[in-house]
Amino acid sequence: MKIKILLALALFALPSVAQTLKGKVFELNEKNEKTPLVSANVFWRDAKTGTTTDADGSFSLPKPATKTAFLIVSYTGYVADTIEVAKTKDSIEIVLTLNTQLHEVVISAERSSRFIDDEEVGYIEVVTNKELLKAACCNLGESFTTNASVDVSYQDAVTGAKQIQLLGLAGAYTQMLFENVPSLNGLGNSFGLGFVPGPWISEINISKGSASVVNGYESISGQINVAYKKPSDAERYYFNAFQSSHYKTDLNANTTIELSEHLSTILLAHSNFVSKGLDNNNDSFIDDPKSAQYNFMNRWQLHTDFGLESQFGVQYLTEKKTGGQLVPMASGKQYRIDIDSRHFDINTKTGYVFDAENYTSLGLVLDLYQHDQNTLFGERKYDGTQNIFFSKLIFETRWAEETHKLITGASFTVDKLTEDLGTFKQEKTENIPGLFLEYNYSPNNLFSVVPGIRVDFHNLFGTLVTPRIHIKYNFDENTILRASAGMGYRSVNIYTNSLNWMASSRQFVVNTSLPYEEALNYGLNLTRYFMINGRELRITADYYRTDFRKQVVTDIDTDPGKVLFYDLNGESYSNSYQIEVGYQILPRLDVTAAYRYTDVKSTYNGQLRTAPMQSRYKILTTVSWADHYREWVFDATFLLNGPGRIPSTASNPLQYRREENFDAYMNINAQITRKFDLFDVYLGAENITDYKQPNPVIGADDPFGKYFDAAMIWGPVSGRKIYAGVRLSVF
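All of these numbers come straight from a predicted model, not from anything done at the bench.

The rules behind these values
Residues numbered from 1 in each chain as written. Predicted model: local features only at pLDDT ≥ 70, side-chain atom pairs only at ≥ 80, totals over all residues. Heavy atoms only, no water. 1 Å grid on protein atoms, 1.4 Å probe; cavity = no way out; pocket = protein on both sides within 12 Å on 5 of 7 lines; lining within 4 Å. Points joined across faces, edges and corners; volume = space filled by probe spheres on them. Helix = DSSP H or I, 4+ residues; strand = E, 2+ residues; numbered from the N terminus. Nonpolar A, V, L, I, M, F, W, Y, C, P; charged D, E, K, R; others polar. Domains from an automatic or database assignment. Patch = residues over 30% accessible without salt bridge, like charges linked within 9 Å, V, L, I, M, F, W, Y side chains within 5 Å. Areas by Shrake-Rupley, 256 points an atom, 1.4 Å probe, with all protein chains shown as cover. Salt bridge = Lys/Arg side-chain N within 4 Å of Asp/Glu carboxyl O. Buried < 20%, exposed > 50% of the residue type's maximum accessible area, 1.4 Å probe, protein only. Contact = heavy atoms within 4.5 Å. Pairing = 2+ DSSP bridges. Axes fitted to C-alpha atoms, helices over the stretch in contact; angles between N-to-C directions. Polar contact = N/O pair within 3.5 Å; in protein donor to acceptor, adjacent residues only side chain to side chain. Core = buried A, V, L, I, M, F, W, Y, C linked by side-chain atoms within 4.5 Å.

Q: Tell me about empty space enclosed by the protein, and please be specific about residues and values.
A: Tallied over the full model, the rule gives 10 cavities of 30 Å³ or more. Estimates place the volume of the second largest cavity at around 580 Å³. Lining the second largest cavity we find 33 residues, and of these Pro 182, Asn 185, Tyr 217, Glu 218 and Asp 415 sit closest to its centre. Of all the secondary-structure elements, those providing two or more residues to the lining of the second largest cavity are strand S14 (174-178), strand S23 (360-377), strand S24 (380-399), strand S25 (404-420), strand S26 (425-441), strand S27 (447-458) and strand S29 (479-491). The residue inventory of the lining of the second largest cavity, partitioned by class, reads 10 nonpolar, 15 polar and 8 charged. Two domains each donate at least three residues to the lining of the second largest cavity, and these are domain 2 (114-227) and domain 3 (228-262 + 269-287 + 295-328 + 345-425 + 434-730).

Okay, structure coming up:
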């Protein structure tokens with residue numbers, strides 16, 4: 001079956017015709033002779049995607065659909081060059097010159113695989129697809145391995161599902177967007193990170209704290225915006241095959257077809273399989289369930305010469321997971337886990353530029369998706385369907401040489417959620433018309449302020465007013481201070497956000513009528529660049545605080561046999577402190593080190609306590625090295641997770657009790673890549689230390705008994721994993 005899928009994906013990604021710019025980048029030696037410049041960054045100014053030059057200084061890059069475009073070529077220690085390239089031009093030659101001015105070096109450093117967008121007023125960390133190649137990165141849940149801001153962990157010991165945390169808060173408080181369209185909320189929140197193939201991603205933007213009001217009111221701890229490959233910036237032909245020692249196979253393919261000068265399309269296909277269940281911790285439960293996923297997407301892009309731009313896309317996904325006990329018990333009963341998900345999405349974006357010089361534009365975004373999910377946890381059954389229609393009309397204009405920028409518009413969302421737990425049935429429909437206004441005032445290149453406000457008229461919550469503000473001040477060309485503050489809201493969907501606790505015998509006790517949660521977030525970020533030995537040193541430090549005014553507390557402390565949901569009566573907050581240093585110690589040897597401390601507390605049953613199952617600190621070090629010709633690339637990640645608190649199980653029988661604290665533990669990942677002309681071969685290992693949370697499943701011997709709990713997870717569930725793969729890219 002796998003061979004048939006492999007052949008189907010290979011046939012699906014047939015070579016196609018696409019316009020490509022080819023060129024060479026040189027430097028001048030002491031004799032003023034041109035010599036190839038290896039590993040120079042080459043990218044289109046507006047696309048934020050690009051490539052690097054190879055051993056003879058040559059590169060190949062798909063041309064955007066625009067009539068003209070600006071190509072940026074940079075290399076640390078050299079003057080970055082920006083060249084206007086006409087659509088008819090097929091080849092180019094660029095010569096970079098040495099530069100001792102620090103400002104120019106900072107510009108060239110922006111094209112590293114992970115960087116801070118210094119042009120934005122708000123703090124935005126950009127993770128490029130080049131960064132994603134440093135690890136296995138089979139899906140979105142595995143895309144933050146080298147990132148200090150975002151935590152990813154197992155949400156239980158039996159489904160293999162991952163969850164994220166930002167600023168120490170659960171992923172439900174992070175607004176997930178796909179190209180500025182809300183996604184992975186509600187039903188998609190529990191397993192959705194596995195629905196986004198890593199090779200499809202062109203870029204991830206991470207915003208801490210309050211984000212732009214243009215994208216909605218849901219951002220409380222931050223915002224993660226994922227961009228997919230587009231016809232204008234993707235490979236003409238791409239194929240990736242991945243195999244792990246845990247019997248997981250990933251297959252990916254995409255092809256770009258340029259139908260005319262103005263119309264192009266990209267076809268993307270993904271499939272993954274887990275063919276055999278493993279029990280590395282010997283608790284009789286499969287660590288990662290057997291699964292099969294098929295995921296397809298088709299995107300279209302239209303460009304005209306008179307200011308009209310349009311995109312259209314459609315996606316369909318189906319996934320089945322089967323897990324639970326490896327074999328039946330002596331009684332003949334067997335605890336099974338079945339998760340059946342289906343997802344369909346259709347979307348379009350259309351924009352018209354009235355005045356290209358002053359950039360006045362009008363855009364319309366439409367998105368319609370349906371998500372169906374049927375789940376079985378032992379004797380617990382949960383079925384859900386969510387239909388969402390999202391629309392946004394946005395107007396943008398700039399004037400006075402971009403001193404002033406105004407974005408305003410309206411949005412309308414219909415969110416219909418149907419849930420069936422047998423004893424509990426619910427159908428909820430949210431109708432949310434809203435208005436937003438954001439003004440950017442930048443009188444000079446030192447100071448910018450962006451106040452914004454949106455007003456949403458919710459049919460269930462009433463009127464929600466969301467004020468936010470972002471401020472940026474450049475002390476000099478290499479020191480940037482940012483500040484932000486704003487409100488955020490989140491709709492309460494207790495069961496869709498708590499599916500992990502269904503993998504237990506805990507009773508759900510709901511004692512709240514609160515329809516939404518409300519929080520204030522504010523913070524500071526300082527970024528400083530230095531030049532040491534001709535190479536850039538970047539230091540970033542930030543602090544963010546989130547104060548909840550309304551919150552539904554999930555209490556797993558009061559009674560180990562229950563999950564209590566009730567209204568907050570007291571304090572609930574998150575403090576996050578982080579400092580990160582990045583430096584190229586030697587040519588082609590990049591090191592990043594980060595330390596983050598989180599202080600997350602909430603009032604549980606009248607007592608202010610630290611959030612459970614969460615490391616208090618995190619120390620992350622990443623190392624990346626390449627040889628002179630970048631034929632061999634080595635990447636390694638060292639992550640020390642600090643200690644934390646475990647909810648008390650003291651009232652359980654002795655054999656079903658656990659410690660009330662966990663110690664710090666180390667996780668190491670490494671990968672080596674060999675690059676050839678058209679393809680890469682990579683070999684890697686995850687969790688090299690083979691650290692596993694001891695006894696992650698409570699009551700594994702009696703999963704239908706009252707003490708069973710597979711959701712008290714704070715560490716890795718599966719052990720060391722070896723993987724290998726091949727990537728073929730044709731531009």
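Here the narrative resumes, following the displayed structure.
Q: An account of a nonpolar patch on the surface is needed here, citing residue identities and associated values.
A: Taken together, Phe 306, Tyr 352, Phe 354, Leu 362, Leu 364 and Leu 393 make up a surface patch of nonpolar side chains, about 560 Å² in accessible area. Among the elements of the structure, strand S22 (336-355) and S23 are those that each provide at least two residues to the nonpolar patch. Mapped onto the secondary structure, Leu 362 falls in strand S23. Take Leu 362: its relative accessible area is 34%, and that puts it in the partly exposed class.

Q: So what's going on with the environment of Tyr 316? Residues and values would help.
A: Note on placement: Tyr 316 falls in strand S21 (residues 308-324). Spatially, the C-alpha atoms of Tyr 316 and Met 297 are 6.6 Å apart, while their sequence positions differ by 19 residues. With residues near it in sequence (within four places) discarded, Tyr 316 still touches Tyr 294, Asn 295, Phe 296, Arg 342, His 343 and Phe 344.

Q: For the sheet that holds strand S34 (residues 562-567), give the residues involved together with the corresponding values.
A: If you trace the 3 strands from one edge of the open sheet to the other, you get S30-S34-S33, paired in mixed fashion. The sheet is open, and its two borders are formed by strand S30 (507-511) and strand S33 (552-555), each paired with just one other strand. Sheet twist, expressed as the mean angle between neighbouring strand axes with direction ignored, is 15°. Two strands pair when backbone bridges link them, and S33 and S34 are joined in this way by 4 bridges, in the antiparallel orientation. Among the inter-strand pairings, Thr 554 is bridged to a residue of S34, identified as Phe 565.

Q: Got a sec to walk through the side chain of Arg 490? Specific residues and values, please.
A: Its place among the elements puts Arg 490 in strand S29. Apart from the residues lying within four places of it in its own chain, the contact partners of Arg 490 are Ala 172, Tyr 173, Ile 220, Asn 497, Pro 515, Tyr 516 and Glu 517.

Q: Describe the side chain of Ser 498, and please don't skip the residues or the numbers.
A: The topology assignment puts Ser 498 in the loop between S29 and S30. For Ser 498, a relative accessible area of 5% puts it in the buried group. Apart from the residues within four sequence positions on either side, Ser 498 is in contact with Phe 508 and Phe 565.

Q: Pulling in residues and values, what's your account of the environment of Asn 281?
A: If you trace the backbone, Asn 281 turns up in the loop between strand S19 (263-274) and strand S20 (290-303). With relative accessibility at 17%, the residue Asn 281 sits in the buried group. Between the C-alpha atoms of Asn 281 and Gly 209, which are 72 residues apart in sequence, the distance is 38 Å. Not counting the four nearest positions on each side in its chain, Asn 281 is found in contact with Asp 287, Lys 692, Pro 696 and Val 717. Polar side-chain contacts of Asn 281 include one of 3.3 Å to the backbone oxygen of Val 717.

Q: Tell me about the sheet that holds strand S13 (residues 169-170), residues and numbers included.
A: Spatial strand order, S11-S12-S13: 3 strands in an open sheet with antiparallel pairing. With partners counted over all chains shown, the strands left at the sheet margins are strand S11 (150-154) and S13, one partner each. Where strand S12 (residues 162-166) and S13 come together, 2 bridges link them in antiparallel fashion. In the sheet register, Leu 166 faces S13, and the bridge partner there is Leu 169.

Q: Account for the nonpolar core, naming residues and giving values.
A: In this structure, Phe 285, Tyr 382, Tyr 495, Trp 501, Met 502, Val 697 and Ala 710 are the most contacted members of the largest nonpolar core, which totals 44 residues. Elements supplying a minimum of two residues to this core: S22 and S34. Mapping this core onto the domain boundaries places at least three of its residues in each of domain 2 (114-227) and domain 3 (228-262 + 269-287 + 295-328 + 345-425 + 434-730). Sequence-distant contacts of Tyr 495, that is, excluding residues within four places in its chain, are made with Tyr 382, Glu 419, Leu 421, Phe 424, Met 502, Phe 508 and Val 510. Within the second largest apolar cluster, 28 residues are counted, among which are Leu 184, Ile 224, Val 226 and Tyr 228.

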